[in-house]
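So the chains spell out like this:
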Amino acid sequence: MTPLLTGLDHVQIEAPAGCEPQARAFYGGVLGLPELRKPAPLEARGGCWFALPDGRQLHVGVTPEFQPRCKGHPAFRTADLRAVQAHLDAHGIPHQADAEAGVPRAFLQDPFGNRLEIVQGGHPAGPLPTR
């Protein structure tokens, strides 16, 4: 049987109106993600989109009455968490490291207070047994 879902296309995080300069500076400048052109019908909504190295995308979307997400978050992968941490330190971005989930990872916040995770490798999760 062909799966109904074939993968993850993008993740959208929320941000306040006027967020674009800060989003570009953080996601584009600090994290090095290239900005993507939004489709013309969506440009008036504000926000900006970024490409991830694996072909997926990160969308920063403007939302009224914005509240930062302190639990739900995207998790980005890296091959070298120590290099990421040093890079964050060089940019004065606080982060908290742990390995509680069985892999080295760090948590930080974007300029809008949204929680982000950066994990080295990937989480060692597998499918549940079929019942």
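The structure we're discussing is the one just above.
Residues numbered from 1 in each chain as written. Predicted model: local features only at pLDDT ≥ 70, side-chain atom pairs only at ≥ 80, totals over all residues. Heavy atoms only, no water.

Engineer: Just give me the short version of the pairing of strand β8 (residues 115–120), but keep the residues and values in it.
Structural biologist: Two elements, strand β5 (residues 75–78) and β8, share 4 bridges in a ladder whose sense is parallel. The residue of β8 that forms the bridge with alanine 75 is glutamate 117. Bridging between strand β7 (residues 105–109) and β8 involves 5 bridges; their strand directions are antiparallel. Counted as the bridge partner of arginine 105 is valine 119 from β8. The antiparallel pairing of β7 with β8 creates a hairpin that spans 5 residues between the two strands, and glycine 113 there sits at a positive phi of about 90°. (Pairing = 2+ DSSP bridges. Helix = DSSP H or I, 4+ residues; strand = E, 2+ residues; numbered from the N terminus.)

Engineer: Which residues make up helix α3 (residues 81–90), and what values go with them?
Structural biologist: By the burial criterion, the buried members of α3 are Leu81, Val84, Gln85 and Leu88. Seen end-on, α3 carries its buried residues on one side only, within an arc spanning 100°. α3 presents Arg82 and Ala90 as exposed residues on the side facing more than 90 degrees away from its buried surface. On its buried face, α3 is in contact with β5, β6 (95–98), β7 and β8. Where α3 terminates, the next one or two residues include glycine 92, which has phi positive at roughly 70°. (Buried < 20%, exposed > 50% of the residue type's maximum accessible area, 1.4 Å probe, protein only. Arc of directions from axis to C-beta. Contact = heavy atoms within 4.5 Å.)

Engineer: Go over the sheet that holds β6, please, and point to the residues and values.
Structural biologist: The 4 strands lie next to each other as β5-β8-β7-β6, forming an open sheet whose pairing is mixed. Two strands bound the open sheet, and with one partner strand each, they are β5 and β6. Going from strand to strand, the sheet's axes swing by 25° on average, the running direction of each strand aside. (Axes fitted to C-alpha atoms, helices over the stretch in contact; angles between N-to-C directions.)

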